[in-house]
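Notes for the structure review
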Amino acid sequence: MLDHAWLIPAIPAVMFWLILGFGKRLPGKGHELGIAGVGASFVLSCVAAVQWIGRSTDVTIGEGAHVEHVRKAVEHSTTWFDIGNVHIRVGTYIDGLSVALLVVVGLISLLVHVYSTAYMHDDRRYTHYFAALSLFTAGMLTLVSASSALQMLFGWEAMGVCSFMLIGHWWEEKENSNAALKAFLTTRTGDVGFLIGLSILFFANGQTFDVRVWNANALGGHVSHLVLLMGAIALMGAVVGKSAQFPLHTWLPDAMAGPTPVSALIHAATMVVAGVFLFSRLYGVFFTGFSIAAPGHGTFTVPAVIGGITIIIAALLAFVQDDIKKVLAYSTVSQLGYMVMALGVGAWTGAIFHLFTHAFFKACLFLGAGSVSHSGSHHSFDMKRDMGGLRKHMPITFATFGIASLALAGIFPLAGFWSKDDILVTAGHNGYELFMVVGLIGAFMTAAYMTRCVWLTFYGEPRGAAAEHHPHESPAAITAPLVILAFLSITAGWLNGFGFHYFGHWTTNETLVHALERVNLVEPRFSFPAAIISLAVAGSGILLAWLYFEKRALGPLQDLAARNALAARLKLVLVRKYYLDDLYEKVIVAGIAGPIARGAYWFNQTVIDGVVNGAGVGAKAAGHIVYDIIDQKVVDGAINGAGFTAEEGGTLLRIIQTGRVQQYAAALFGAAALFGLALVFFVGT
Amino acid sequence: MYLVEYLLLAAALFSIGVYGVLARKNGVLVLMSIELMLNAVNINLIAFGAFRGNAIGQVFALFVIAVAAAEVGVGMAIVLLIFRNRASVNLDEVDLMRG
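Residues numbered from 1 in each chain as written. Chains lettered and ligands numbered in written order. Predicted model: local features only at pLDDT ≥ 70, side-chain atom pairs only at ≥ 80, totals over all residues.

Considerations on the overall build of chain B
The following threshold applies: Each helix is a run of DSSP H or I of at least 4 residues and each strand a run of E of at least 2, with the numbering of both proceeding from the N terminus. Burial is judged by counting the other C-beta atoms within 10 Å of a residue's own C-beta: 20 or more makes it buried, 12 or fewer makes it exposed, and any count in between marks it as partly exposed, with every C-beta position built from the backbone. We call two residues in contact when the distance between their C-beta atoms, placed using the backbone, is within 7 Å.
Helices and strands together make up the secondary structure of chain B, namely three helices and zero strands. By principal-axis analysis of the C-alpha atoms, chain B measures approximately 50 × 25 × 25 Å. Per-residue burial for chain B yields a buried fraction of 13% across its 99 residues. In chain B, once contacts between residues fewer than 6 apart in sequence are set aside, the share between residues at least 24 apart is 45%.

A word on the overall build of chain A
From N to C terminus, chain A includes 28 helices and four strands. With the principal axes as the frame, chain A shows a C-alpha extent of 135 × 70 × 55 Å. In chain A, buried positions account for 49% of the 685 residues. For chain A, the share of sequence-separated contacts (at least 6 apart) that also reach a separation of at least 24 residues comes to 79%.

Some details on the packing of helix H18 (residues 415–429) of chain A against helix H24 (residues 528–549) of chain A
Two quantities define a packed helix pair, namely the angle between the helix axes and the distance between the axes. Residue and element names in this part refer to chain A. The test is simple: Helix axes are fitted to C-alpha atoms over the stretch in contact, other axes to C-alpha atoms as well, and angles between N-to-C directions run from 0 to 180 degrees. Comment on the angle field: the value is read as roughly parallel under 35 degrees, roughly antiparallel over 145, roughly perpendicular from 65 to 115, and oblique elsewhere. If you view the pair so one helix is near and one far, a crossing is left-handed when the near helix is turned anticlockwise from the far one by less than a right angle, and right-handed when it is turned clockwise. Side-chain classes are defined by residue name, with Ala, Val, Leu, Ile, Met, Phe, Trp, Tyr, Cys and Pro counting as nonpolar, Asp, Glu, Lys and Arg as charged, and the others, Gly among them, as polar.
In the contact formed by H18 and H24, the axes pass within 10 Å of each other and the chain directions differ by 120 degrees. With respect to H24, the element H18 is oriented oblique. Viewed along their axes, H18 and H24 form a crossing whose handedness is right-handed. Here Lys420, Asp421, Leu424 and Val425 of H18 lie close against H24, whose contacting residues are Ala530, Ala531 and Ser534. Across the contact of H18 with H24, the residue classes break down as four nonpolar, one polar and two charged.

Thoughts on the pairing of strand E3 (residues 74–83) of chain A
Residue and element names in this part refer to chain A. The condition that has to hold: When DSSP locates at least two bridges between a pair of strands, those strands are taken to pair.
Buried residues are scarce in E3, accounting for one of its ten residues. Relative to strand E4 (residues 86–94), E3 runs antiparallel, the two sharing nine bridges. Directly across from Ser77, in E4, lies its bridge partner Gly91. Adjacent in sequence and paired antiparallel, E3 and E4 are bridged by two residues, among which Gly84 carries a positive phi angle near 60 degrees.

Topic: the interface of chain B and chain A
On the chain A side, the residues contacting the ten residues of chain B number ten residues. By residue class, the composition of the side of chain B that touches chain A is six nonpolar, one polar and three charged.

Notes on the packing of helix H11 (residues 272–281) of chain A against helix H15 (residues 348–376) of chain A
Residue and element names in this part refer to chain A. Following both chains from N to C, one finds H11 and H15 inclined at 155 degrees, their axes separated by 11 Å at the closest point. Taken together, the axes of H11 and H15 are roughly antiparallel relative to one another. Judged by the sense of rotation from one axis to the other, the crossing of H11 with H15 is left-handed. Touching Val273, Val276 and Ser280 of H11 are Trp348, Ala351, Ile352 and Leu355, all from H15.

Some remarks on the confidence of the model for chain B
So the rule is basically this: As a per-residue measure, pLDDT reflects the predictor's confidence and takes values from 0 up to 100.
Mean pLDDT over chain B stands at 90; residues scoring 70 or higher make up 98%. Interface predicted TM-score (ipTM) for the complex: 0.84; the corresponding pTM is 0.72.

Digging into the environment of Leu365 of chain A
All names here are of chain A. With respect to the secondary-structure elements, Leu365 resides in helix H15. When the 34 C-beta atoms within 10 Å are taken as the criterion, Leu365 is described as buried. When the C-alpha positions of Leu365 and Thr491 are compared, they lie 16 Å apart, and in sequence the two are 126 residues distant. Residues contacting Leu365, with those up to four places away along its chain left out, are Leu328, Phe401, Ala404, Ser405 and Leu408.

Looking at the nonpolar core
Keep this limit in mind: Throughout this description, the term nonpolar core refers to a group of buried Ala, Val, Leu, Ile, Met, Phe, Trp, Tyr and Cys residues whose C-beta atoms join them within 7 Å.
If you look at the biggest cluster of nonpolar residues, it comprises 201 residues, and the most contacted ones within it are Ile108, Leu235, Ala269, Ala274, Ala351, Ala363 and Cys364 of chain A. Ignoring any residue separated from it by four or fewer positions in sequence, one finds Leu235 of chain A in contact with Gly193, Phe194, Gly197, Leu278, Leu282 and Val285 of chain A.

Here you go:
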């Protein structure tokens, strides 16, 4: 399967067309095709994973004490098109990173498909929904298996289009179509960076898009550092846009306007993870470009700062959200901040491992939130108004949501604990203590806001819709994915925990391994103090939040915003999302759009209308000139003259046209005699 | 053998023919004058052929005789029709094509 990996993205892509073409005529309105396609991809991905793990570690890199045994990536490519002497190639590049993501994407997408059959039941655009899901999955699978950066761009943009379609699935409401537009345009802002970065690196690497060559050249010092820095900054723009990092994170919470399974897919396995994947796939470029963990390059790097800021601000925003999906959305932003920060401090394995575990528990949380709204709160997502006390009515949803929340908070021995610990230990190891602290603060806040979320949803007294309607457990198509994901939320971390180091070794890439050897801990140095501290931080977050909400303890802090002007103002800042949306919409967009519109109006009125009017007047004058001179005099003159000449010539010539044969013969012989004489005089002798 | 005698004879015949074509009013005589001119050419062809010692001139002369026979046939038919319509073969009166 490693040699035929192109099948994995190709199957859902084909299914997209089949669903569009025949979906409506099938008994399941197309979902069977989608499930079959993604299921086949998932099975093939699992086969690929088994083959990858079974692949012998026969590639030896380095010498002496630095020797590393790694699996060789499987690369197959063929020429896509030629421009002059430049061969643009397309193909698959399968290594541990690809395999891990293929499995995650396939699994989450499959579960989302199954879940959607119940959640989207009787939707007005059911068939199109499944078609878009298939294409979305195909886009992500293309991205993670691509051997050329140009091919990655295709998968990347396919996802952009699909996210637009799916977030705006219920476009009849203006709010939803606005959210879809916002998601599309905000990520496009970053995508400009992708295009620029691609161009820079294409030419810097001798006109190739091959990602392995890019990494090898960047790490081998074959490309100048300044060029790499420029390329890395441009690509960072794409990462920031797609992975919703500060300051372009604002689209992600709004993307909650889409159906909940789509949110799960976008947040767990595709779309936002694409940015982190791009970062880790082209890590050689970023690593050298941003001088990550290079000796003597200070205590921070650009990606680490962006990621660190994102962790904190997104976690703070999660506290003031009443919409359960928005809490989860800001949580995703915050966790993506973790991954970007991890990559920024050299924790390559840690970042991918966190991506891997996060996919399971975040998908579980989103699907759980969907289950709550589907069966518990009558399609409302407002925790304060329409939820509360649901744990008795929805035991499976509650249990899985709780497990996933604990995993997200980083409680031993669930998945999130191991991956988060991995990142923090590596950050400390590489001398980025500041970011270790930021990570710990983020962990504390994560634990606290997830406790708030769980408490508001499942504890306390039922409110609003949860009290008026009859909450009940969701059908099996919804709970089965939840149970599977909850199980994985517990166990996924053990691949690189409890002293096992499978994940790190499986994902090691032969191109990167030697450069990362110094900074990236393939085998996390599990230390009890670090584990105890992070556990204590997470535990205290849960405890404090629990005391605050359940016990109404911490008296001085209760309803602080209602009593203290400063606190109220701070809360307002959070509720207004740091005024970033206002900045973008009112200042930047209005500031750019207003003058541009005025300028365009002036240009329209003065220049274009002037040109048009001038052209009209000029054309009219030219028409008169043409009529008077050319048409009347030249053309008519020529035609009349031709007639006149012919008539006069005819009158003259008819004189010699006597009709007498002998006169013609006389002319003939006379002419012949003259030619004869001429011949004798001029040519003869 | 001198070639010039034959050429002079042919030139004389041709000139008589030209005179006949241009000056005679009778259509039949004009046709006969054309025959004279063609035969003058035949004499030239045969004389040159004999002078050069080959038969090419005679071959051409035979072609000319064949074409002349056809030409006289068509010409006499036209003259005959003119005569039937006008009871005259005076070419000065035949100027239907005058412009």
